[in-house]
Structures are given as C-alpha cells and as structure tokens.
Amino acid sequence: MNRFSACVDFTELKKNYSESVIKRLEFMTGLFMVRQEKHPVRLPKKIKELSKNFTTIDDVSKLVEPFLASEDELLFFNLISRCYISEIDSLEDKIRLYESFPRTLILIKDCDLLVEEYEKYFYPNRSMRKDQKAIIFYYVLIGLIQITYFSISPVQFFRASFTQKSQSSLSFKENPKVQQFYKNFREANPDFAFPASYDRGMLVLLTVLTETFLVPSISVYIQYSRNNLGMVYIKNRLHTIFNPKTLHFTDTIENAELVITDCFESRTTQKDQKVFYVSDVYDETTWFELFSCLQTFLFKPE
C-alpha cells in the first residue's frame, strides 16, 4: 500500500487534515489503485446522484483520478471515504452539504424526515442550532448510506465496546428516551428506508449523537469556613476542570444534588443528595476523589 500511495502527492491535503486522516486516505488510495480493472465500479443511479454532492464540497477523489477508469469510480471514492474515514468534512462542509443536497432524492427525504421528527421530540420548545442539525443530518445520512446501499450496520464502525456481548465499563448504555423516540418513529413511518434488522445500529448512532450535544449538569452547594479563601478556591478549581454550564452553584443547601462541606450538621436532606467532606482543601488526594465523585454524578445512567 505504501508503494502505491507513494505515487500520489498528499502535500495539499496535509495542510487541512490530521496525520490520522492522511494515513487512512493513503490506504484507501492504495485499495483503489489495485482494483480489478476488468471489473470497474458501476454505480446505480440512486447512489450516483447522491455521490455527486460530495464532490462539490471536498473532492478527495482528485488524489486518484489518474488511476481510475471512470466518473463512477471517482464518485465512489468520494462516497466510500466518508463512510470509512472520520472528519474528511469540516463543520462548515457539513453545513454546506446539509443545505445543498437535492431534497428530491429518496435517501435525503428519509434523512430529513428522521431529523425533523428527532428535533420535534427532543427540542419541543425550540429549534436545534444550525450546526447541530447539520451534524446530526450528516451522520444519519452516512448511517443510512451504509445500511441502505452497503448492508452495513453503523454499529460496525464504533468500538468493540458497543457490541452487545461486551462487559466493558465503556459498553453501550441504552438511552430510554432515544429508544422511545425511535420506537415511535418506526411505528409512525413503516415505509422508512431500511430493514428493522438494522434498528440497533441506528439506535446506537442516535444515542451517540444525542449524547454529543447533551450537557449534563449538577447543582452544587459549597460550605467551607476553615479559611477565608477556601470557598473561592474550590469554585475556581472546579471550573478549571468542568464546564461552567455543567456545575450549577446554589446558595440553598436543600436544592443541591451535591454538598461540598468541611463540617456536618443535623438537617433534612433531599432524596439522592450526596455529601462530600473536605478536611483539607489543598490536599491533592481530596481533589482526585472530588473529581471522581463529580464524574460519577455526571455520567450516571438515566
């Protein structure tokens, strides 16, 4: 593969892509250069129409144009690169693609339908941001392409930890809200693009996309009187690690999910409220334990 890809100049691409993307493009280029010439790629009309749009954004097929036999092979290179290599298209590219696809194409109609229903379900009182909708559309479309045209489940393109047999702590955790949405969607749209046998793949994809834009939050009450700077020190150090949108500091102990304190008092606590005792605010072990406590809170299953 190195010998074949050495025939291609990747200089321009290296200005825009990471080394990881370049290595995968080198491999993809080598595969296309050693294709069986007696059996060139011939794209069905539906795939060809869809593929043309990817060439208008970032035509990576120019890499292998001298070695390919037809327009179909160039279009296929552009399409399959998106299916196998992450981040070929920037956020701006994804937005332009979302806006430029002909809405008459069947797969685009199905993708639009899924994204529109997703928005209604998860954002009933407001609209998704433009970039958010474009990202969800892009990856749902890639998933639909893989399922519809290549009979490949999106699950295969995630880590092994997302498989049903995995016992790893990183294994795929089902999101009840996503499951309910998808169940409702399939029931309301029985003619949707792909077979039910690929439902789990789409569920994994939608769950990952949902969690991508999910900002978990926790309400925190701090009670520290051992020294004058203690409370300020705790708040500022927490914000160096956690997004300010994630930690909501409250002045009312009853409203807190987590209480960080240097003393215990007899009081009424709310259900599931946790108390983290701080003996020495400058002790690194204490901070390690506090960060672990917050992470447990933020990433607990719904």
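Going along each chain's sequence as written, the residues are numbered from 1 onward. Selection of residues for local features in this predicted model requires a pLDDT of at least 70, selection of side-chain atom pairs for listing and counting requires 80 or more, and totals for whole chains, interfaces and linings are taken over all residues. Just so you know, side-chain values use all the structure's heavy atoms and leave hydrogens and water out.

> Please explain the overall build of the protein as it appears in this structure.
In this text, helices come from DSSP runs of H or I with a minimum length of four residues, and strands from runs of E with a minimum of two, each type numbered from the N-terminal end. What the protein contains, in helices and strands, is 12 helices and four strands. Excluding contacts between residues fewer than 6 apart, the proportion of contacts in the protein whose partners are at least 24 apart in sequence is 70%. Counting every atom, the protein has about 17,600 Å² of accessible surface; 51% of that belongs to carbon and sulfur. Whether two residues touch is decided by their heavy atoms; if any such pair falls within 4.5 Å, the residues are in contact. All accessible areas in this document rest on Shrake-Rupley with a 1.4 Å probe, and a residue is counted as covered only by the protein chains that are shown.

> When you look at the packing of helix α6 (residues 91-100) against helix α8 (residues 130-150) in this model, what are you seeing that I'm missing?
When two helices pack together, their arrangement is given by the angle between the helix axes and the distance between those axes. Fitting a line to C-alpha atoms yields each axis, with helices limited to the stretch in contact; the angle taken between N-to-C directions then spans 0 to 180 degrees. Remark: α6 packs on α8, axes separated minimally by 9 Å, with the N-to-C direction vectors making an angle of 75°. Overall, the two elements α6 and α8 adopt an arrangement that is roughly perpendicular. Packed against α6, whose contacting residues are L91, K94, I95, L97, Y98 and E99, the element α8 presents K130, D131, K133, A134, I135, F137, Y138 and Y139 at the interface. By residue class, the composition of the contact of α6 with α8 is nine nonpolar, no polar and five charged. For classification, angles of less than 35 degrees are called roughly parallel, those exceeding 145 degrees roughly antiparallel, those between 65 and 115 degrees roughly perpendicular, and all remaining angles oblique. Classes in brief: Ala, Val, Leu, Ile, Met, Phe, Trp, Tyr, Cys and Pro nonpolar; Asp, Glu, Lys and Arg charged; the others, Gly included, polar.

> I keep staring at the sheet that holds strand β3 (residues 258-261) and nothing clicks. Help me out?
Read across the open sheet, the four strands follow the order β2-β1-β3-β4; overall the sheet is parallel. Both edges of this open sheet fall to β2 (247-249) and β4 (274-277), since each of them pairs with a single strand only. When strand polarity is set aside, the average angle formed by the axes of neighbouring strands in this sheet is 30°. Strand direction decides the pairing type here: strand β1 (residues 218-223) and β3, joined by four bridges, are parallel. By the bridge assignment for β3, I222 is matched with I260. Pairs of strands are assigned from DSSP output, requiring at least two bridges between the strands.

> I'm lost on empty space enclosed by the protein in this one. Help?
If a probe as big as a water molecule is rolled over the atoms, it shows which places are left empty. We place a 1 Å grid over just the protein atoms. Points where a 1.4 Å probe fits but has no way out form a cavity, open points with protein on both sides within 12 Å along at least 5 of 7 lines form a pocket, and any residue with an atom within 4 Å of a point lines it. Grid points are joined across faces, edges and corners, and a volume is the space filled by probe spheres set on the points. Counted under the stated rule, the structure contains one cavity of 30 Å³ or more. Computed from the structure, the largest cavity encloses a volume of approximately 30 Å³. Taken together, I234, I260, V278, V281, T286, W287 and L290 make up the full set of residues lining the largest cavity. Broken down by element, the residue count for the lining of the largest cavity peaks at three residues, all from helix α12 (residues 284-298). A class-by-class count of the residues in the lining of the largest cavity yields six nonpolar, one polar and no charged.

> Is there a simple way to explain α8 in this structure?
Multiply 1.5 Å by the residue count of a helix minus one, and that product is the helix's expected span. In a regular helix each residue adds 1.5 Å, so 21 residues correspond to 30 Å; α8 covers 29 Å between its end C-alpha atoms and thus fits that length. Positive phi appears at S151, one or two residues downstream of α8, with a value of about 55°.

> In this structure, what is going on with the nonpolar core? I would like to understand it.
When a protein is soluble and globular, its nonpolar side chains tend to lie buried together. Counting residues in each nonpolar core, the largest one holds 64 residues, and the members touching the most others are F54, L141 and M202. Going through the elements one at a time, α3 (19-33), α4 (45-55), α5 (71-84), α6, α7 (106-122), α8, α9 (176-188) and α10 (199-212) are the ones with two or more residues in this core. The leading source of residues in this core is α8, at 10 residues. When neighbours within four sequence positions are excluded, L141 is seen to be in contact with F54, F101, L107, I108 and C111. Residues enter a nonpolar core if they are buried and are Ala, Val, Leu, Ile, Met, Phe, Trp, Tyr or Cys, with the set joined through side-chain atoms within 4.5 Å. With a 1.4 Å probe rolled over the protein chains alone, any residue whose accessible area is under 20% of its type maximum counts as buried; one over 50% counts as exposed, and the rest are partly exposed.

> Looking at this structure, I do not really get α6. What am I missing?
Helical periodicity: at 3.6 residues per turn, an α-helix aligns residues three or four positions apart in one direction. Turning to α6, its buried residues number three or more, namely D93, K94, I95, L97 and Y98. Looking at the packing, one finds that the buried side of α6 touches α4, α7 and α8.

> Can you walk me through unusual backbone geometry in this structure?
Negative phi is the rule for most residues except glycine; trans is the rule for most peptide bonds. Even without a glycine there, the phi angle at S151 is positive, about 55°. The topology assignment puts S151 in the loop between α8 and α9.

> How do you make sense of the pattern of salt bridges when you look at a structure like this?
Should their charged atoms come close, side chains of opposite charge can pair. What counts as a salt bridge is simple: a side-chain nitrogen of Lys or Arg found within 4 Å of a carboxyl oxygen of Asp or Glu. What the rule picks out here adds up to 14 salt bridges. The partner of D112 in a salt bridge is R103, and the shortest N-O contact between them spans 2.8 Å. By relative accessible area, D112 is classed as buried at 11%. Beyond isolated ion pairs, a larger network of salt bridges with shared partners links K48, E71 and D72.

> Could you clarify how one ought to interpret the environment of S279 in this entry?
Along the chain, S279 turns up in the loop between β4 and α12. Linking S279 and Y224, residues 55 residues apart in sequence, is a C-alpha distance of 9.6 Å.

> Explain the packing of aromatic side chains here, please?
Each aromatic ring pair is characterised by the separation of its centres together with the angle its planes make. Any two rings among Phe, Tyr and Trp, with Trp reduced to its six-membered ring, count as a pair given centres within 6.5 Å; such a pair is stacked if its planes are under 30 degrees apart, edge-to-face if over 60, and tilted if neither. Applying the stated criterion across every chain, the model contains 18 aromatic pairs. Measuring from centroid to centroid gives 5.1 Å for Y121 and F122, while their planes differ by 70°, and the two rings are edge-to-face. Here R103 stacks its cationic end above the ring of Y98, 5.1 Å away from the centre of that ring. Only when the NZ atom of a Lys or the CZ atom of an Arg is both within 6 Å of the ring centre and within 35 degrees of the ring normal do we say a charge sits over the ring.

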